[in-house]
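An overview of the molecular structure
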Amino acid sequence: MIELKNISKSFNGVEVLKDISITYQRGKTNLIIGASGSGKSVLTKCTVGLIEPDSGSVLFDGKDFTKLKIDEKQEIRKEIGMLFQGSALFDSMTVEENIKFPLRMHTNMNEEEMKERVNFCLDRVDMKGVNMKFPAEISGGMQKRVGIARAISLNPKYLFCDEPNSGLDPSTSILIDNLIKEITEEYQITTIVVTHDMNSVMEIGDKVIFIYKGEKFWEGTKDTILQTTNKELSDLVFASRLMKKIKSTS
Amino acid sequence: MMNTFYHIGQYFMLMARVFQRPKKIKLYRKQIIYEINSLGLGSFGIISIISVFIGAVITLQTASNIDSALIPAYTVGFTARQSMILEFSPTIIALILAGKVGSNITSEIGLMRVTEQIDALEIMGVNSASYLIVPKIIAAVFINPFLVIWSMFIGIIGGYLVAQFSGVVSTDEYIYGIQYAFKPFSIVYAMIKTVFFAYIITSIPAYYGYYVKGGAIAVGSASTKGVVSSSIVILIVNYVITQLLLI
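First things first, this report covers the structure right here in the doc. Owing to the predicted nature of the structure, the values given are computational and were not obtained by experimental measurement.

**With respect to the overall build of chain A**
Within chain A one finds nine helices and ten strands. The C-alpha radius of gyration computed for chain A amounts to 18 Å, which stays within 12% of the reference 18 Å derived for 250 residues, consistent with globular compactness. Along the longest, intermediate and shortest principal axes, the C-alpha atoms of chain A span 55 × 45 × 30 Å. Per-residue burial for chain A yields a buried fraction of 41% across its 250 residues. Residue pairs in contact within chain A that sit at least 24 positions apart in sequence constitute 66% of those at least 6 positions apart.

Printed below as a string of structure tokens:
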């Protein structure tokens, strides 16, 4: 479980996050939604320590991440897997080397054990046989899946996904969403997904948090979001004709 | 002015992170070998071409400027050797590498920053500054002295070829000149400079790449700043080392 308590962050005097408190549950897919520039990515980066919040605390299973020393933070980070918006695969390494990298850094596995783990992770994301390809040689959707494989290689307790569907076609997006949900439930991971894709919300949103202008405006589930009376949330969720139609029939 | 102090402070803070003890040293070995090949051996060709022509031009210029019969002809060889060993090979080659290797380092690390690969390393619990920068510094500090010695050798050969084919000085006089009053400390001095310059041409561009913010334009701009800053620092350090060691 991850708890955020009263997180605030400003850049050059502009308040980007305002006193945000959230609890992310274990074994659930927690979605952070909001318009572009609302502070979703900054909130995620504050959670994993890539950006230091100005105030507040981030508790990973009770340990306050903001108060830990660098070495202690690195110990917690070994338990974090992250899928980046652009996949962030190391382009000088093959797919196999990318997935082996965290294993090399943090385990004492031999080459054979690492290879076995790589094949297991690739199999889990349905990406067999691409071991020796470079990231530039595979499609965006495949890169995302390899990104997930790398993120789960160390059996993480926490999984962060920053806009996992950006730039993907609808069917690949659903595939990625379902994969995230399956992995979350199978390994009882605390998963946080940053998105503004309403399909993802409706597919996998066990818990949905709406961020508006740096504030937490709404919290609920994929089932309760359709009944929301919150104007700002409605403007975001029901912006498309399709979503308006879904609302009218629900 | 405040901006300069800000960069100097941030640079030293980065270096403090860079030189933290790595957890898995064996992972660095492979990177160091890769960087020796990429940063050092990849520059072998351009260094050879530049050095042979510098040696040739020094020989021609010295020969054409000696009018007095009181100045012996072997001065041409002596001047070519001294110029190559003391200044051209260590300093000019460092400035050229600051452009070639420096821009490469800034672009590589800068691109990793903008594509979130550095964030990915941090999330994996890896000290990204150390993992990315230490192998480059060690590789350059190791390989650059060999490149500079090669440059000295090939530069002096360039002068010999001019003596052989243009006739501005006889080859016997040239060979006598390159051996005349040779002080082995000149080589030590050049090697000390080379090691400092190797550190500068890797660490400063790496700093600019590591803190890039934005996209492709920002990476290009950082690359230019990295080359300009490292070139200026090389010239300042060159003066300081010369003052300390030769005067």
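The discussion continues.
**Thoughts on the overall build of chain B**
If you tally the helices and strands in chain B, you get nine helices and zero strands. Dimensions of chain B along its principal axes, counting C-alpha atoms only, are 70 × 40 × 35 Å. When burial is assessed residue by residue, chain B has 43% of its 247 residues classed as buried. Within chain B, contacts between residues separated by at least 24 positions form 86% of all contacts whose residues are at least 6 apart in sequence.

**Re the pairing of strand E8 (residues 190–195) of chain A**
All names here are of chain A. Taking burial as the measure, the six residues of E8 include six buried ones, the bulk of the element. With five bridges connecting them, strand E7 (residues 158–162) and E8 associate as parallel partners. If you follow Phe160 over to E8, its bridge partner there is Ile192. In this fold, the crossover linking E7 to E8 by way of helix H6 (residues 170–187) has right-handed handedness.

**Here we look at the sheet that holds strand E5 (residues 63–64) of chain A**
All names here are of chain A. The strand order E2-E1-E4-E5 describes an open sheet built from four strands, whose pairing is antiparallel. Each edge of the open sheet carries a strand with a single partner, namely strand E2 (14–24) and E5. Contacting strand E1 (2–11), E2 and strand E4 (55–60), helix H1 (residues 40–48) runs over the sheet at an angle of about 120° to E1.

**Points about the environment of Arg26 of chain A**
Residues and elements named next belong to chain A. Looking at the secondary structure, you find Arg26 in the loop between E2 and strand E3 (29–33). The class for Arg26 is partly exposed, based on 15 C-beta atoms found within 10 Å. The sequence separation of Arg26 and Glu185 amounts to 159 residues, and the corresponding C-alpha distance is 8.9 Å. Non-local contacts of Arg26, meaning those with residues more than four positions away in its chain, are made with Met1, Gln188 and Thr190.

What counts, and at which threshold
Residues numbered from 1 in each chain as written. Chains lettered and ligands numbered in written order. Predicted model: local features only at pLDDT ≥ 70, side-chain atom pairs only at ≥ 80, totals over all residues. Helix = DSSP H or I, 4+ residues; strand = E, 2+ residues; numbered from the N terminus. Rg over C-alpha atoms; globule rule 2.2 N^0.38 Å. Buried ≥ 20, exposed ≤ 12 C-beta atoms within 10 Å, placed from the backbone. Contact = placed C-beta atoms within 7 Å. Pairing = 2+ DSSP bridges. Right-handed = clockwise from strand over helix to strand, strands pointing away. Axes fitted to C-alpha atoms, helices over the stretch in contact; angles between N-to-C directions.

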